[in-house]
2 protein chains.
Amino acid sequence: MAASSHVDRRGPSDVEQRVTEVMDLLRARGGRASGARRVILEALVSGPAHRTAEELAEQIHADHPSVHQATVYRNLERFEELGVVYHSHLGHGPAQWHLDQNPHVHLTCESCGAVTQAEQAAFGAVRTDLRDRYGFEVDMRHFALTGTCAPCRQLEANRRP
Amino acid sequence: MAASSHVDRRGPSDVEQRVTEVMDLLRARGGRASGARRVILEALVSGPAHRTAEELAEQIHADHPSVHQATVYRNLERFEELGVVYHSHLGHGPAQWHLDQNPHVHLTCESCGAVTQAEQAAFGAVRTDLRDRYGFEVDMRHFALTGTCAPCRQLEANRRP
DNA sequence: ATCTGTGCAAAAACTTTGCAGCAGT
DNA sequence: ACTGCTGCAAAGTTTTTGCACAGAT
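Model, not experiment: these values are computed from the prediction. (Residues numbered from 1 in each chain as written. Chains lettered and ligands numbered in written order. Predicted model: local features only at pLDDT ≥ 70, side-chain atom pairs only at ≥ 80, totals over all residues. Heavy atoms only, no water.)

Draft legend 1. Quick look at the relation of the copies chain B and chain A. Relative to chain A, chain B is turned by 179° and slid 0.1 Å along the rotation axis, the superposed coordinates differing by an RMSD of 0.2 Å. Within this description, the copies of the chain are treated as partners about a two-fold rotation axis. Mapped onto chain A, 100% of the interface residues of chain B are again interface residues, and the two copies thus contact each other with one and the same surface. (Least-squares fit on C-alpha atoms with pLDDT ≥ 70 in both. Contact = heavy atoms within 4.5 Å.)

In C-alpha cells, the structure reads:
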C-alpha cells in the first residue's frame, strides 16, 4: 500500500498496481475486470481524496465518454461492498467518496462548511464508552461530526462581545 | 387541530401553549402567524418525535388538505432558523425532524437500522477533546453515529466463532 | 397599505432501474 | 457458452423555486 500523505504524490505505476489489486479481488469474487471498472478505479486512485459520485462521473465521462454515469454509480456501490472505497456524509448534499486508506473522522463546520480531518485515535474514549454503555461498536467515518470551527467561533465571539 | 390521542402524553392545552409561544417568537422576528404555520406546529408538537419532512407533509395534508407540501418544507426551515426544531440524519434517506427539546445523540446500527438514543452527557469528553485539539465546538445532534448495535454484534459473533 | 406567506405547478438535483446487447471468463 | 456488466433512456425520489394572489399586521 502506497504511503503517500496527500492527494496525488502517487506515480503511475502505483496507480496501476492498486487498480490491478482491486481487479484481482473483483475476479476472485466472481466479478469481471471490465474496462469501465478500470477507468473508474484509476480516477479514484489518482484524483482528489473526496469527491461526490456526480463529480467522479463527470470527470470520468470527460476523459472516457463511453463510460456512462449509471455505471459509475453502480460500481461505487460494488467497490464499497468489496471494502475498497467508502462514502461519507460531510454535510448537506451528496456523499463524498474515498479510497479506504488512512480512515479519518471529518469535522464539518456548519457556518463556513470547512472540513477538518481528525485522527481516529482521538476517539478511542468514545468508542470504549459507547461499547460499555450501549454495546454499540461505533464507526466514526460514515457521518461527519458537525459543529463550529475555530475561526468561526472567533468571528462569533467578536460579533457579540 | 386533532388533539393528542397520539404517541405522547401532552394535553391539548400544552400543545396550544407551545404553539402560541412559537407564533409569538415568529411575530417578534417580523414573521406572520399564519394558519398553515399553526397547523404545522401542532403536528410537530403533538405527533411522534422523529418524522421526515415528507411524513409530516403527508400527515398534515391529510388533516388539512389546503396546506401544501412546499409550505411544510419552507416552514421547517424557518422554524429551524428560530431554533424551535432541528433535523438529524440518522442514516441514508431523508432527515428526521424533531422539536428542540431534550436533545440527544442517535446511534444508528448499519446492519439492522435500529436507532438508539444516547444522552449527550456521554460525550463530554469528546467535546472537550475536540475543543482542545482542533478548537472545534461539536454538536453531536446533527448526524447520528453509525456502527453496529449489541444484538447485531452478537449475531456476527455467532456466525463466525 | 404593505409586505410576508401560501398554493400551485413545474423544475431541479441526485440516483436507480429495465432492458437488450456486449464482453470477460 | 455462459453470465455479468454496460450503455442508454426513462422514471424515481426528495426538495426547491417562480409567480400571482391571499392574508396578517
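Still to come is the rest of the account.
Draft legend 2. The pattern of salt bridges, seen in detail. Residue and element names in this part refer to chain A. Within the structure shown, the criterion is met by 18 salt bridges over all chains. Salt-bridge contacts for Asp24 lead to Arg27; the nearest nitrogen and oxygen are separated by 3.0 Å. With Asp24 and Arg27 both in helix 1 (residues 12-28) and three residues apart, this pair spans about one turn of that helix. In this structure, Glu81 and Arg78 form a salt bridge, with 3.7 Å as the shortest nitrogen-oxygen distance. Of this pair, Glu81 and Arg78 both sit in helix 4 (residues 69-81), separated by three residues, roughly a single helical turn. Given a relative accessible area of 24%, Arg78 falls into the partly exposed group. Here the salt bridges share partners, and the residues they tie into one network are Asp100, Asp139 and Arg141. (Salt bridge = Lys/Arg side-chain N within 4 Å of Asp/Glu carboxyl O. Helix = DSSP H or I, 4+ residues; strand = E, 2+ residues; numbered from the N terminus. Buried < 20%, exposed > 50% of the residue type's maximum accessible area, 1.4 Å probe, protein only.)

Draft legend 3. Looking closely at the packing of helix 2 (residues 35-46) of chain A against helix 4 of chain A. All names here are of chain A. Their axes nearest at 10 Å, the elements helix 2 and helix 4 cross at an angle of 75°. Taken together, the axes of helix 2 and helix 4 lie roughly perpendicular to each other. Contact with helix 2, carried on its side by Ala36, Arg37, Ile40, Leu41 and Leu44, involves Thr71, Val72, Asn75, Leu76, Arg78 and Phe79 of helix 4 and no other residues of that element. Looking at side-chain class alone, the contact of helix 2 with helix 4 contains seven nonpolar, two polar and two charged residues. (Axes fitted to C-alpha atoms, helices over the stretch in contact; angles between N-to-C directions. Parallel < 35°, antiparallel > 145°, perpendicular 65-115°, else oblique. Nonpolar A, V, L, I, M, F, W, Y, C, P; charged D, E, K, R; others polar.)

Draft legend 4. How the structure looks around the protein's contact with DNA strand C. Taken together, 23 residues surround DNA strand C, and among them Arg27 and Tyr73 of chain A together with Ser34, Ser66 and Thr71 of chain B come closest. Sugar and phosphate atoms represent 66% of those atoms of DNA strand C found within 4 Å of the protein. Arg27 of chain A places a side-chain nitrogen or oxygen 2.8 Å from a phosphate oxygen of DNA strand C. Residue Ala33 of chain A places a main-chain N or O atom 3.3 Å away from a phosphate oxygen belonging to DNA strand C. Partitioning the surface near DNA strand C into residue classes produces seven nonpolar, seven polar and nine charged. (Near = heavy atom within 4 Å. Polar contact = N/O pair within 3.5 Å; in protein donor to acceptor, adjacent residues only side chain to side chain.)

Draft legend 5. Geometry of the sheet that holds strand 4 (residues 115-118) of chain B. Spatial strand order, 5(A)-6(B)-3(B)-4(B): four strands in an open sheet with mixed pairing. If you trace the sheet from one side to the other, it starts and ends with strand 5 (137-139) of chain A together with strand 4 of chain B, each paired once. Ignoring which end each strand starts from, the neighbouring axes of this sheet average 40° apart. The pairing of strand 3 (residues 105-109) of chain B with strand 6 (residues 145-148) of chain B spans three bridges and is classified as parallel. Note that in strand 6 of chain B the partner of Leu107 of chain B across the bridge is Leu145 of chain B. Across the sheet, helix 5 (residues 124-134) of chain A is in contact with strand 5 of chain A together with strand 3, strand 4 and strand 6 of chain B; its angle to strand 5 of chain A comes to roughly 145°. Helix 6 (residues 150-159) of chain B contacts strand 5 of chain A together with strand 3 and strand 6 of chain B of the sheet and is inclined by roughly 35° relative to strand 6 of chain B. (Pairing = 2+ DSSP bridges.)

What is shown is where atoms sit, not what they do.
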